[in-house]
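# Residue-level structure breakdown
Chain residues, written in single-letter form:
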Amino acid sequence: MRTTPHRTLPPLALEILRLLCVRPMHPYEMQQLIRDWGIEHVVKVRAGSLYHTVERLSRLGLIEPVETARAGRRPERTVYAITEHGRDTYTADLRELVRLPAHEYPLFAAGLEMLGDLDRADVIKLLEQRCTALEAAVAGSQQIAASLTKRGLPRLATIEVEFTEEMRRAELAWVRNLIDDIRTGQLPWILEGEERHS
C-alpha cells in the first residue's frame, strides 16, 4: 500500500492550534497573544491572515466555534476551541517540524546561484551591505530576547528567537568568509561570456 508523505499545516495554523490548546479564545485574543509572546518574529502574520486561517481550520474540523459574545458596542466575537482531531494534528505536525529538516528555497540561495552574473566589485559591496543588515538583525534579536526575558518568559518560550539569532550569526560569518574568498581570489570570478556550468 502506497502512502503519501505527511504534509504539515502552515506555521500560523499551528500557532493558532497551539494557542487553542491553552484555552478557547476568539481571534482578536489570539492576535494579542501572538504579539505579547513575540510569535510574530518567527511566524509571518499578515493583516487578515489570522482570521482567514481560523476559518480554514474550522472548515477542516480542527477547531470549532463554542460561543459568540458581544461586549458593549464591539462587534460580535466568536470564541473557538480546538477539537480532538485538531490536537492530534497539532501534535503530529509539530513532531514533523522538529524531526525533519524541510527543503526550503531561501531567496538568498537563489541570489547566490546567479552571483556570477554580477560584477565582482559590485558583489563585494552588496555582500558588505548584507553583513551590515545581518549585524543589525542580530542586535534586534538580542533586544527582542532581552525584552521577552524581562517579561518573565522562560528560555523555552523564547527558544525560536535564540535560534533565529544563531542562524543570522552563522550567515554573517559565512558571508564575511565569502567576501574574503572573492577578494583573495579563492573564489575565481566567472568572466563575462564564459560558460558557468561546464
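Before any of the text, the structure's been laid out above.
Below, the structure is looked at part by part. (Residues numbered from 1 in each chain as written. Predicted model: local features only at pLDDT ≥ 70, side-chain atom pairs only at ≥ 80, totals over all residues. Heavy atoms only, no water.)

With that out of the way, let us pick up the overall build of the chain. Counting its regular elements, the chain contains 7 helices and 2 strands. Counting helices and strands in the order they occur from the N terminus, the chain gives α-α-α-β-β-α-α-α-α. A buried classification covers 27% of the 198 residues belonging to the chain. Put simply, 65% of the contacts in the chain that link residues at least 6 apart link residues at least 24 apart. About 13900 Å² of surface is accessible on the chain, with carbon and sulfur atoms providing 54% of the total. (Helix = DSSP H or I, 4+ residues; strand = E, 2+ residues; numbered from the N terminus. Buried < 20%, exposed > 50% of the residue type's maximum accessible area, 1.4 Å probe, protein only. Contact = heavy atoms within 4.5 Å. Areas by Shrake-Rupley, 256 points an atom, 1.4 Å probe, with all protein chains shown as cover.)

Scanning the model with the defined rule gives 1 aromatic pair in all. Pairing F108 with W174 gives two aromatic rings, centres 6.5 Å apart and planes at 90°, and the pair type is edge-to-face. Of the two residues, F108 is situated in helix α5 (residues 107–113) and W174 in helix α7 (residues 159–184); the sequence distance between them amounts to 66 residues. The partly exposed category is assigned to W174, whose relative accessible area is 44%. Positioned over the ring face of F108 is R130, at 3.5 Å from the centre of the ring. (Phe/Tyr/Trp six-rings, centres within 6.5 Å; stacked < 30°, edge-to-face > 60°. Lys NZ or Arg CZ within 6 Å of the ring centre and 35° of its normal.)

Inspection of the secondary structure puts R151 in the loop between α6 (120–150) and α7. Sequence separation of R151 and W37 is 114 residues, and the distance between their C-alpha atoms is 9.4 Å. In this structure R151 touches R35, D36 and W37, once residues within four positions along its chain are discounted. Here the side chain of R151 touches D36 through a polar contact of 2.2 Å, landing on its backbone oxygen. (Polar contact = N/O pair within 3.5 Å; in protein donor to acceptor, adjacent residues only side chain to side chain.)

Residues I16, L17, L20, M30 and L57 are the most contacted members of the largest nonpolar core, which totals 22 residues. Put simply, the parts of the chain that give this core at least two residues each are α1 (11–22), α2 (27–36), α3 (49–59) and β2 (77–82). If one sorts the elements of this core by residue count, α1 sits on top with 7 residues. With near-sequence residues (within four places) excluded, L17 lies in contact with L9, L57, L62, I63, I82, G86 and Y90. Within the second largest apolar cluster, 12 residues are counted, among which are V123, I124, C131 and L178. (Core = buried A, V, L, I, M, F, W, Y, C linked by side-chain atoms within 4.5 Å.)

Locating T89 in the fold gives a position in helix α4 (residues 84–99). Judged by its relative accessible area of 16%, T89 is buried.

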